[in-house]
Amino acid sequence: MDHRQRASIGERGISDASMLAASGSRNAAYLSQQAMEQIIRALATSEAIHIDRHDAHQLDKIVRRFPDDHAEKTALKSLVWLEAYATTFRYTLPSGQIPRAPDNAKLRKAIDDIASLILRVARHFKVDLVDESKAAQTVMPMRRPGPQ
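The following refers to the structure shown. (Residues numbered from 1 in each chain as written. Predicted model: local features only at pLDDT ≥ 70, side-chain atom pairs only at ≥ 80, totals over all residues. Heavy atoms only, no water.)

Points about the overall build of the protein
And then number 1: When helices and strands are counted, the protein shows 5 helices and 0 strands.
And then number 2: The order of helices and strands in the protein, counted from the N terminus, is α-α-α-α-α.
And then number 3: Over its C-alpha trace the protein gives a radius of gyration of 16 Å, about what one expects of a compact globule, namely 15 Å for 148 residues.
And then number 4: Oriented by its inertia axes, the alpha-carbon framework of the protein measures out at about 50 × 30 × 30 Å.
And then number 5: The proportion of buried residues among the 148 residues of the protein is 41%.
And then number 6: Relative to all contacts within the protein whose residues are 6 or more apart in sequence, the contacts with residues 24 or more apart total 59%.
And then number 7: On the protein, roughly 8300 Å² of surface is accessible, and the fraction owed to carbon and sulfur atoms is 52%.
And then number 8: Of the side-chain charges in the protein, 22 are positive and 18 negative, and the distance between the mean point of each set is 2 Å. (Helix = DSSP H or I, 4+ residues; strand = E, 2+ residues; numbered from the N terminus. Rg over C-alpha atoms; globule rule 2.2 N^0.38 Å. Buried < 20%, exposed > 50% of the residue type's maximum accessible area, 1.4 Å probe, protein only. Contact = heavy atoms within 4.5 Å. Areas by Shrake-Rupley, 256 points an atom, 1.4 Å probe, with all protein chains shown as cover. Lys, Arg positive; Asp, Glu negative; His and termini not counted. Charge placed at Lys NZ, Arg CZ, Asp CG, Glu CD.)

Observations regarding helix α5 (residues 104-125)
And then number 1: Between its first and last C-alpha atoms α5 spans 31 Å; for 22 residues at 1.5 Å apiece the expected length is 32 Å, and the two agree.
And then number 2: L107, A110, I111, I114, L117, I118, V121, A122 and F125 are the residues of α5 that are buried. Looking down the long axis of α5, one finds its buried residues gathered within 130° of arc, a one-sided arrangement. The exposed residues of α5 that point more than 90 degrees off its buried face are A105, K109 and R123. (Expected span 1.5 Å × (residues − 1). Arc of directions from axis to C-beta.)

Re helix α2 (residues 27-46)
Along an α-helix, a turn takes 3.6 residues, which lines up residues three or four apart on a common side.
And then number 1: Between its terminal C-alpha atoms α2 stretches 29 Å, which fits the 28 Å expected from 20 residues at 1.5 Å a residue.
And then number 2: Positive phi shows up at A48, right after α2, with a value of about 60°.

Focus: the pattern of salt bridges
And then number 1: All chains considered together, the criterion is met by 9 salt bridges.
And then number 2: Of the charged contacts in the structure, one is a salt bridge between K73 and D68, with a shortest N-O distance of 3.1 Å.
And then number 3: Classification of D68 as exposed rests on a relative accessible area of 60%.
And then number 4: A salt bridge links R120 to E72; the shortest N-O distance between them is 2.7 Å. Here R120, found in helix α5, pairs with E72, found in the loop between α3 (59-64) and α4 (73-77); they are 48 residues apart in sequence, far enough to count as distant.
And then number 5: Judged by its relative accessible area of 29%, R120 falls in the partly exposed class.
And then number 6: Bridged by salt links that share partners, the residues E47, D69 and R143 form one connected network. (Salt bridge = Lys/Arg side-chain N within 4 Å of Asp/Glu carboxyl O.)

See below:
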């Protein structure tokens, strides 16, 4: 899967998460995490960072491997809390209770932040989020602008 496909999947996932959050569905957190995972994987690919299978949902661990001058590292770090919703959130706790959904306002902000992140990443890689058949126009890693 390349940058184009991951960005497109992430964009559709966060769009679905937004609709689910609006309806009060607890599945919005899971889809938000999945959108983050797709965009982090796209960015890791551009950095030539291999993600081992056992680290697949460890978003914080993957983001820590990004170079410090990565343009989106700070934004990514602020959203890795969603990784909890990839696995344990989907299952009952050992006590038999259902894990609590995240605070709705916090989740809505994360969804908005992820949607903005996807647009920035798509713009950087020159990905057409409408036409999935078009390849990314660049694979250069994202960097913060240097001092002028």
